Amino acid sequence: EAQVTQNPRYLITVTGKKLTVTCSQNMNHEYMSWYRQDPGLGLRQIYYSMNVEVTDKGDVPEGYKVSRKEKRNFPLILESPSPNQTSLYFCASSPSPYTIRGSTDTQYFGPGTRLTVL
Amino acid sequence: TQLLEQSPQFLSIQEGENLTVYCNSSSVFSSLQWYRQEPGEGPVLLVTVVTGGEVKKLKRLTFQFGDARKDSSLHITAAQPGDTGLYLCAGGRFNDYKLSFGAGTTVTVRA
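This structure is a prediction, so every number in the text was calculated from the model and none was measured.

A. Main features of the sheet that holds strand β1 (residues 5-7) of chain B. All names here are of chain B. Across the sheet, 5 strands lie side by side as β1-β3-β8-β7-β6; this open sheet has antiparallel pairing. At either end of the open sheet lies a strand with only one pairing partner, and these are β1 and β6 (55-58). Mean inter-strand twist for the sheet, computed between neighbouring axes without regard to direction, equals 15 degrees. Pairing of strand β7 (residues 61-65) with strand β8 (residues 71-76) involves 5 bridges; the strand directions are antiparallel. Across the sheet, Leu61 pairs through a bridge with Ile76, a residue of β8.

B. Spotlight on the environment of Arg44 of chain A. Residue and element names in this part refer to chain A. When you line up the elements, Arg44 lands in strand β5 (residues 42-51). Taking the C-alpha atoms as reference points, Arg44 and Arg9, 35 residues apart in sequence, are found 19 Å from one another. Beyond its immediate stretch of four places on either side in the chain, Arg44 contacts Trp34, Tyr35, Arg36, Asp38 and Val60. Here the side chain of Arg44 touches Asp38 through a polar contact of 2.8 Å, side chain to side chain.

C. Region of the structure containing the environment of Val66 of chain A. Residue and element names in this part refer to chain A. With respect to the helices, strands and loops of the structure, Val66 is situated in strand β7 (residues 65-66). The class for Val66 is buried, based on a relative accessible area of 15%. The contact partners of Val66, leaving out residues within four places of it in the chain, are Trp34, Tyr47, Thr55, Phe74, Pro75 and Leu76.

D. Quick peek at the environment of Tyr31 of chain A. Relative to the helices and strands, Tyr31 of chain A is located in strand β4 (residues 31-38). A relative accessible area of 0% places Tyr31 of chain A in the buried class. C-alpha separation for the pair Tyr31 of chain A and Tyr98 of chain A, spaced 67 residues apart in sequence, amounts to 8.8 Å. Of the polar contacts made by the side chain of Tyr31 of chain A, one reaches the backbone oxygen of Tyr97 of chain B; its length is 2.6 Å.

Basis of the calculations
Along every chain, residues carry numbers that run from 1 in the direction the sequence is written. Chain letters start at A and ligand numbers start at 1, both assigned in the order the entries are written. Given that the model is predicted, a residue must reach a pLDDT of at least 70 before its local features are reported, and side-chain atom pairs must reach 80 or more before they are shown or counted; all residues, however, enter totals for whole chains, interfaces and linings. The basis for every side-chain value is the complete set of heavy atoms in the structure, and neither hydrogens nor water enter the calculation. One requirement defines pairing of two strands: DSSP has to find at least two bridges between them. Here a strand is any run of E in DSSP of at least two residues, a helix any run of H or I of at least four, and the numbering for each starts at the N terminus. Fitted lines through C-alpha atoms serve as axes, helices being fitted only where they are in contact, and the angles separating the N-to-C directions of these axes extend from 0 to 180 degrees. For this analysis, residues touch if any pair of their heavy atoms sits within 4.5 Å. Contacts described as polar in this section are N or O atom pairs within 3.5 Å, which, within protein, must combine one atom able to donate a hydrogen with one able to accept it, while residues neighboring in sequence count only if both atoms come from side chains. Working definition: with a 1.4 Å probe on protein chains only, accessible area under 20% of the residue-type maximum means buried, over 50% means exposed, and in between means partly exposed.

Now the structure itself:
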């Protein structure tokens with residue numbers, strides 16, 4: 001079954017304690033992305049990756065890091081989490097970067113990770 | 001500031017009525033995507049429109065991309081309770097590979 005998986009699904013942590021949210025896809029997709037969703041703001045893109053070892057900033061990258069060492073995995077790293085990073089996080093993947101520009105391919109989203117930073 | 005403005009923010013209608021959700025911007029987009037999201041789940045892609053003036057139909061849902069590629073609309077005919085959800089529009093750009101979302105429209109269809 002084609003899917004995007006994220007772990008953990010729920011996480012409560014404290015300010016400053018480094019954490020990693022994992023994301024994995026089994027569709028051999030080139031393009032992967034992280035978003036955060038906050039009430040009244042919709043989804044905002046944090047980082048994206050067009051392929052292995054190719055990553056770039058989205059619209060809200062401050063306080064986050066990513067890496068793409070393998071095609072299937074795209075972890076999101078919060079080196080020193082702060083309360084304003086409390087949010088619902090989604091990982092997504094699509095066959096190619098051109099899905100974003102306008103092909104008819106589909107971008108698939110994971111189930112989300114609800115993060116609370118105290 | 002949101003690049004894509006969606007309206008209305010909330011919409012509650014009776015089963016069988018029609019509804020339209022709007023997605024507007026002052027920016028030009030290479031494509032416009034529409035998603036539906038249900039509570040506790042990730043967004044699911046409904047359609048992508050890529051040509052200015054394009055109209056796509058998906059059963060009772062009709063999607064339109066504005067001629068100038070700055071706006072889009074989603075029209076649902078004879079809404080059903082199963083259409084309840086958060087509808088999100090998202091725009092791709094010509095000069096990068098970012099995707100910008102609107103804030104969403106929460107649609108509730110009452111039986």
